[in-house]
2 protein chains.
Amino acid sequence: MFSKETISEDYKIIQDEICRGLELADGSAKFAEELWEREGGGGRTRIIQNGNVIEKGGVNFSAVHGKLPESLKKVLKTDQDDFFATGVSIVIHPKHPLVPIIHMNIRYFEMSDEVRWFGGGIDLTPHYVFEDDARFFHQQLKQTCDQYSAEFYPKFKIWADDYFYIKHRNETRGVGGIFYDKLTPDSSGLDWGSLFAFSKSVGRTFVPAYAELIKRNKDKQFTDAQKQWQYQRRSRYVEFNLVYDAGTRFGLETNGRIESILMSLPPQANWVYDFSPQPGSEEEKTLKYLKKGVDWA
Amino acid sequence: MFSKETISEDYKIIQDEICRGLELADGSAKFAEELWEREGGGGRTRIIQNGNVIEKGGVNFSAVHGKLPESLKKVLKTDQDDFFATGVSIVIHPKHPLVPIIHMNIRYFEMSDEVRWFGGGIDLTPHYVFEDDARFFHQQLKQTCDQYSAEFYPKFKIWADDYFYIKHRNETRGVGGIFYDKLTPDSSGLDWGSLFAFSKSVGRTFVPAYAELIKRNKDKQFTDAQKQWQYQRRSRYVEFNLVYDAGTRFGLETNGRIESILMSLPPQANWVYDFSPQPGSEEEKTLKYLKKGVDWA
């Protein structure tokens, strides 16, 4: 059995690959790195800003350990104190309103040999939903999942629909993707080695999928109204991350490095009171797709 | 003893007064009203936008009743089901970066003759802290409090410092004000009539205090850098309201009218990665004042 050090070392390699891939896809901006340490671990926060394509994005690696707060012990139904967590987390906010926002996370959590698991996922938040792009994205994810288990994609797709859901708006954050948590041999039927390999495969699905979506959309013309709509959709992203996202909550409650946790928030977000899109518009069509249960793959 | 209907009728009158007062202070924009009803009550949402002074603001009245969700029953340590809640809630986001954001709320909550209370408060969030303005604001609040009890201002000022606190940023939302909750004869030594009168006096302190702060600052010159700083400070306001604010959480969990609850969010907010103000700048001075325990009155 590989050690937690092996996992974080491999996650670092994946972070490196992704940063190189995103710099290539952007064509102009470069990542700036900040190494940080806290009592019990540290990380490599990498931020890319003001590029050709990417307005603000982060690709973070961290490996931290510590004592679990009482509130989280209840949520995790454990009476153990010590945790180790490592992962790579990405959020990219593009400049162009027709290029989608994307999020990816792979993580490993361990409290003991008995209590440990993999988690992660990738999901897409287009400001405007293009059916072809959503289908392509889901097919890429399905392909990765199917290499490990035929049950993964259908299960993790539904999980993403349920997880990336803005309850108070009655809309999904975007067109979903895959989400999984507490993945163990017991819950999956796969051994630890396969689960680790799956985790890395998810990480390595990110760049080719997103680079293609950038290529398809980055040179399209757009209007000022589309730009305004982008700012409004970003405000929903803020609402999801601050109200519902478990990773963000975990970071805020475990006194994590705040700028690394909140790098997921967009450079600019607008709240317009009671906005309703024009009937028949592209904006209205997008809202219609922000529902659970759309079969994209 | 006055009824809950009397309380909501008087709160409506206060809403009317405040809207007239804000329109006068703005000098251009008018409130647009939406009446809404849901199963168990309704409200009057009033929004003012794109004025001389006010970029986006809401003055909401509501009176709702229903069944308390299990999660809130635990928080309130009650096993009763039915609740009634009425109140007036205000958030004003000014256009001008040197005019402060302000928030006011007065509310009454009732589950039975035994379980009921008043709550509320006013607090100020300047994008730039001006000592004279903060002192004036706190003195106005102290004057109102002192008419009812010498203990109110000191107690409610500390309460506001503790409540309007963005834990993950280790900063207060602004220069505070007053905050109180579960105010009853037992907790205050005042009879119900005096508590009701106090609640209305808090409501009537809002317009004169804010109109003065508008007058002092609305014609000052400002720079583009100050405007950018305003957008960044607004992002902290978003973080507080979505992560910590009990009223917002209550609204989201009781399936409230979402656009009325989230009218508190700013028209535009910006997140800049790891921003540090220049040493000696006005921005840095402002951050130094965003601490608990500053004696403004």
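Worth saying up front: this structure is predicted, and the values here are computed from it rather than measured.

Some remarks on the environment of A:G120
Point 1. Looking at the element boundaries, A:G120 is found in strand β6 (residues 116–125).
Point 2. Every residue in contact with A:G120, bar those within four places of it in the chain, is listed here: A:N105, A:I106, A:R107, A:Y180, A:S199 and A:V202.

Observations regarding the sheet that holds strand β2 (residues 41–49) of chain B
All names here are of chain B.
Point 1. One open sheet holds the seven strands; their spatial order is β1-β2-β3-β4-β5-β6-β9, and the pairing between them is antiparallel. Of all the strands in the sheet, just β1 (32–37) and β9 (176–183) have a single pairing partner and so form its edges. Sheet twist, expressed as the mean angle between neighbouring strand axes with direction ignored, is 10 degrees.
Point 2. Where strand β3 (residues 54–67) meets strand β4 (residues 82–94), 13 bridges bridge the pair, whose relative direction is antiparallel. What sits directly across from A63, in β4, is T86.

Things to note about the sheet that holds strand β5 (residues 101–110) of chain A
The strands that make up a sheet are held in pairs by hydrogen bonds between backbone atoms, and each pair lies either parallel or antiparallel.
Residue and element names in this part refer to chain A.
Point 1. Pairing in this open sheet of seven strands is antiparallel, and the strands run β1-β2-β3-β4-β5-β6-β9 from one edge to the other. The sheet terminates laterally at β1 (32–37) and β9 (176–183), the two strands that pair on one side only. Here the strands of the sheet are splayed against their neighbours by 10 degrees on average, with no regard to which way each runs.
Point 2. Contacts from helix α3 (residues 131–146) reach β6 and β9 within the one sheet, and its direction differs from that of β9 by about 30 degrees.

Digging into the nonpolar core
Point 1. Ranked by internal contacts, the top residues of the largest apolar core, which has 132 residues, are A:I178 and B:I178.
Point 2. Residues contacting B:I178, with those up to four places away along its chain left out, are B:G121, B:I122, B:L141, B:C145, B:Y153, B:F156, B:K157 and B:A160.
Point 3. Judged by nonpolar contacts, the second largest core, of six residues, contains A:A63, A:V64, A:F83 and A:A85.

Concerning the relation of the copies chain A and chain B
Point 1. For the pair chain A and chain B, the relating rotation is 180 degrees, the translation along its axis is 0.0 Å, and the fit reaches an RMSD of 0.0 Å. Interpreted geometrically, this transformation is the action of a two-fold axis. Measuring from the rotation axis to each C-alpha of chain A, the shortest distance belongs to A:A269, at 2.7 Å.

Side note on the packing of helix α1 (residues 4–26) of chain B against helix α6 (residues 192–217) of chain B
Residues and elements named next belong to chain B.
Point 1. Close contact between α1 and α6 brings their axes to 10 Å; oriented N to C, the two are set at 5 degrees. When the interaxial angle is binned, α1 and α6 end up roughly parallel. Facing α1, whose interface residues are I7, D10, I14, I18, G21, L22 and A25, α6 presents F196, K200, G203, R204, F206, V207, Y210, A211 and I214.
Point 2. Among the residues forming the contact of α1 with α6, the class breakdown is eleven nonpolar, two polar and three charged.

Section: unusual backbone geometry
Point 1. In this structure, B:N170 is a non-glycine residue whose phi angle is positive, near 50 degrees.
Point 2. Assignment of secondary structure puts B:N170 in the loop between β7 (165–166) and β8 (171–172).

What about the environment of B:S89?
All names here are of chain B.
Point 1. Residue position: S89 is located in strand β4.
Point 2. Assessed through the 24 C-beta atoms surrounding it within 10 Å, S89 is described here as buried.
Point 3. For the pair formed by S89 and H103, sequence separation is 14 residues and the distance between their alpha carbons is 7.6 Å.
Point 4. Excluding residues that lie within four positions of it along the chain, S89 makes contacts with N60, N105 and G247.

Procedures and definitions
- Residues numbered from 1 in each chain as written.
- Chains lettered and ligands numbered in written order.
- Predicted model: local features only at pLDDT ≥ 70, side-chain atom pairs only at ≥ 80, totals over all residues.
- Helix = DSSP H or I, 4+ residues; strand = E, 2+ residues; numbered from the N terminus.
- Contact = placed C-beta atoms within 7 Å.
- Pairing = 2+ DSSP bridges.
- Axes fitted to C-alpha atoms, helices over the stretch in contact; angles between N-to-C directions.
- Core = buried A, V, L, I, M, F, W, Y, C linked by C-beta atoms within 7 Å.
- Buried ≥ 20, exposed ≤ 12 C-beta atoms within 10 Å, placed from the backbone.
- Least-squares fit on C-alpha atoms with pLDDT ≥ 70 in both.
- Parallel < 35°, antiparallel > 145°, perpendicular 65-115°, else oblique.
- Nonpolar A, V, L, I, M, F, W, Y, C, P; charged D, E, K, R; others polar.

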